[in-house]
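Residue strings, one per chain:
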Amino acid sequence: MAMRCPGCGGKAFTVQRAAGGLEAAVCGGCGGMWVSVQRYFAFLAERESGDQSSPGPATPGEEAGADSEALKLCPVCQKFMRYYPVGHGLVFGVDRCGDCGGFFLNAKEWEALAAHGLETRLHFIPSDAWQAEVARGLRTAHDAESLVRRLGAEDAAELERVTEWIAGHRHRDVMMAHLRERLHLPVHG
Ligand SMILES: [Zn+2]
Ligand SMILES: [Zn+2]
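The rules behind these values
- Residues numbered from 1 in each chain as written.
- Chains lettered and ligands numbered in written order.
- Predicted model: local features only at pLDDT ≥ 70, side-chain atom pairs only at ≥ 80, totals over all residues.
- Heavy atoms only, no water.
- Helix = DSSP H or I, 4+ residues; strand = E, 2+ residues; numbered from the N terminus.
- Buried < 20%, exposed > 50% of the residue type's maximum accessible area, 1.4 Å probe, protein only.
- Contact = heavy atoms within 4.5 Å.
- Phe/Tyr/Trp six-rings, centres within 6.5 Å; stacked < 30°, edge-to-face > 60°.
- Pairing = 2+ DSSP bridges.
- Axes fitted to C-alpha atoms, helices over the stretch in contact; angles between N-to-C directions.
- Donors = N, O, S within 2.8 Å, 3.2 Å for Na, K, Ca; no water.
- Tetrahedral: all angles 85-135°; square planar, octahedral: opposite > 155°, others 65-115°.
- Patch = residues over 30% accessible without salt bridge, like charges linked within 9 Å, V, L, I, M, F, W, Y side chains within 5 Å.
- Areas by Shrake-Rupley, 256 points an atom, 1.4 Å probe, with all protein chains shown as cover.
- Salt bridge = Lys/Arg side-chain N within 4 Å of Asp/Glu carboxyl O.

Its place among the elements puts leucine 159 in helix 4 (residues 153-167). Look at leucine 159 and you get partly exposed, because its relative accessible area is 41%. Residues leucine 159 and leucine 147 lie 12 residues apart in sequence; the distance between their C-alpha atoms is 9.5 Å. Each residue touching leucine 159, except ones within four places of it in the same chain, is listed here: Leu147 and Leu151.

According to the stated counting rule, one finds five aromatic pairs in the structure shown. Arranged with centres 6.4 Å apart and planes meeting at 85°, the rings of tyrosine 40 and tryptophan 110 form a pair that is edge-to-face. Of this pair, tyrosine 40 sits in helix 1 (residues 37-48) while tryptophan 110 sits in helix 2 (residues 109-115), placing them 70 residues apart in sequence. Residue tyrosine 40 shares its accessibility class with tryptophan 110, and that shared class is buried. Aromatic ring contacts, followed pair by pair, group Tyr40, Phe41, Phe43, Phe103 and Trp110 into a single cluster.

Moving on to the sheet that holds strand 1 (residues 13-17). The antiparallel open sheet is built from six strands, whose spatial order is 1-2-3-6-5-4. Single-partner strands in this sheet number two, and they are strand 1 and strand 4 (82-87). Taken pair by pair, the neighbouring strands of this sheet meet at an average axis angle of 30°, ignoring direction. For strand 2 (residues 23-27) and strand 3 (residues 33-35), the ladder comprises two bridges, and the chain directions are antiparallel. The residue bridging alanine 25 from the neighbouring strand is tryptophan 34, located in strand 3. Each of strand 1, strand 2 and strand 3 touches helix 1; the most contacted strand, strand 2, lies at about 135° to it.

Looking at the zinc ion (ligand 1), one finds its protein donor set to be Cys5 (SG), Cys8 (SG), Cys27 (SG) and Cys30 (SG), positioned 2.2 to 2.3 Å from the metal centre. One way to put it: the four donor atoms around the zinc ion (ligand 1) meet at angles of 99 to 118°, and that makes the site tetrahedral. Sequence positions of the residues that donate to the zinc ion (ligand 1) give the spacing C-x2-C-x18-C-x2-C. Residue cysteine 5 is found in the segment before strand 1, and its partner cysteine 27 is found in strand 2; the two are separated by 22 residues along the sequence. The residues cysteine 5 and cysteine 27 share a single accessibility class, namely buried.

A surface patch of nonpolar side chains, amounting to about 340 Å² of accessible area, comprises Leu71, Leu73 and Phe80. As for its position among the elements, leucine 71 is in the loop between helix 1 and strand 4. Residue classification places leucine 71 among the exposed residues on the basis of a relative accessible area of 61%.

A separate point is the coordination of the zinc ion (ligand 2). Protein coordination of the zinc ion (ligand 2) is provided by Cys74 (SG), Cys77 (SG), Cys97 (SG) and Cys100 (SG), with donor distances spanning 2.3 Å. Taken together, the four donor atoms coordinating the zinc ion (ligand 2) and their angles of 108 to 112° define a geometry best described as tetrahedral. When its relative accessible area of 28% is taken as the criterion, cysteine 100 is described as partly exposed.

Function cannot be read off these values alone, since they describe shape.
Here's what the structure looks like:
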């Protein structure tokens, strides 16, 4: 049975060498990329042996954009894949089939991973540890955003600078005591 693209439903796949030498089935319709677990581990093994067939400079310019939320079906198993946000400053996520372990990436996502040095970490992205880290990052980004919204960019940046300075200072306790006194803060904490 022909593979059906999880991205666009197309059936015209060609095997291509992507950035870094990864072999993958690329959809002629949307440019999406199906990476079977066998091909991914072959790529990792090749990487480790230092036998890099043209690491292919990641093409700058067009960055991978945010994904749609639509659930995708594994082109091999026809089961729903799970979506895992990448984090690390990238706005997209990757879909993985829990059955066969294959990954589906939208066009340009592999190149974006490679540009961020994450192309050898793809198999870690679905892990609990990685996803917990992504969730923490989102929380921090959210806090920073709300600070900017309330204070304005300039004051938020200044507050952040002062906070970092105090947090890393060897006389942090003296500074905190001073702030408490000057700002009439309660002494606990
Ligand atoms: Zn497609
Ligand atoms: Zn599958």
